[in-house]
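Fold and geometry: a report
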Amino acid sequence: MIAKQFMAVQHIAINRKFFYLLFLLVIVVCLSGCQRDIPDGEIKDYINAFNFDETYENVKYGSSVLNSVHYIDGISQGEISIYTYIDRRDGLYHYSKTVLSGDYYGDGVDQFKYYIRETITYLNENGFIVAYELVDGVVNELQYRNEDMDLLIKNFYYTDLEYNYHKGGCYYGDYILGNIGNYYNSFKIDETTNNLEFSAKSQYTDRDKLKYNLIHQFSVNKYGMIVDLFSKTELDENKGSYSLTTMECDYISEFVKIYTFLGE
């Protein structure tokens, strides 16, 4: 039974572990100050159509499912799944659910402080932001401002904006435009779906001089929005220690909205 506990609580900051997870999704390719020219053709025409403002105008609702599992010596140490849905066609609506398991994600000072968290945030008919969270069976009423609602919606598309470069969300258009000159041969257009696909392998060394092997694959639609993604990050000196990340997005199917956790 869910405890009906209502408290006015401030917005909970996203844990650094989540930012690290998203960082792994784009670490394969770094922005280059010197971009190579790419040949004329269908791929160049495809990416030249990417424009965030146009994407934002045309993609007004969507859902994403992000899943990552971390293994040490071939044994799962933890898993995280993040479900998100946004709709800005008629008002504003945001739903998210984070499910965690294992000590790697759910314990320790620098980890998440819960195992299951759902949030509902929407603009009601009176123009006020209504927000609730359900954390490990406890319902809390959140105090959100209009700018908090705007940030939730924006973060579905991107989380960081630097020199008009959008990154960190489902919009990959700028990421592709900034890197395709160096990875042109890793892209192709799927004739069936008309999505742009990317597949590459690479290595990187972190600040502790640990070397990692990466496999990174994704596809985007004509608006530069992620359709699906697969990423494997493997410790080179111990190939039994790795993370598998997948992501699937949908900008067509409808989502059954819920507006309260009361009565559950």
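Not measured: the values here are computed from a predicted model.

Turning next to the confidence of the model for the chain. Detail in the predicted coordinates should be disregarded across regions flagged by low pLDDT. Confidence along the chain averages 84 in pLDDT terms, with 82% of residues attaining 70 or more. Every residue in residues 1–34 scores below 50 in pLDDT, and together they form 76 contacts with partners more than four places removed in sequence or on other chains.

The final tally for this structure, using the stated rule, is 12 salt bridges. For Asp87, the salt bridge identified is with Lys257, shortest N-O distance 3.0 Å. Remark: Lys257 occurs in the segment after strand S14 (242–250) and Asp87 occurs in strand S3 (residues 75–87); sequence separation between them is 170 residues. Lys257 sits in the partly exposed class, given a relative accessible area of 28%. Residues Arg117 and Glu133 are paired through a salt bridge, measuring 2.8 Å at the closest nitrogen-oxygen approach. Pair noted here: Arg117 is in strand S5 (residues 116–123) and Glu133 is in strand S6 (residues 129–135), with a separation of 16 residues, a long-range link. You can call Arg117 buried: its relative accessible area is 11%. When its relative accessible area of 2% is taken as the criterion, Glu133 is described as buried. Three or more residues joined by partner-sharing salt bridges are found here, namely Asp87, Arg89, Glu254 and Lys257.

Analysis parameters
Residues numbered from 1 in each chain as written. Predicted model: local features only at pLDDT ≥ 70, side-chain atom pairs only at ≥ 80, totals over all residues. Heavy atoms only, no water. pLDDT = per-residue confidence, 0-100. Contact = heavy atoms within 4.5 Å. Salt bridge = Lys/Arg side-chain N within 4 Å of Asp/Glu carboxyl O. Helix = DSSP H or I, 4+ residues; strand = E, 2+ residues; numbered from the N terminus. Buried < 20%, exposed > 50% of the residue type's maximum accessible area, 1.4 Å probe, protein only.

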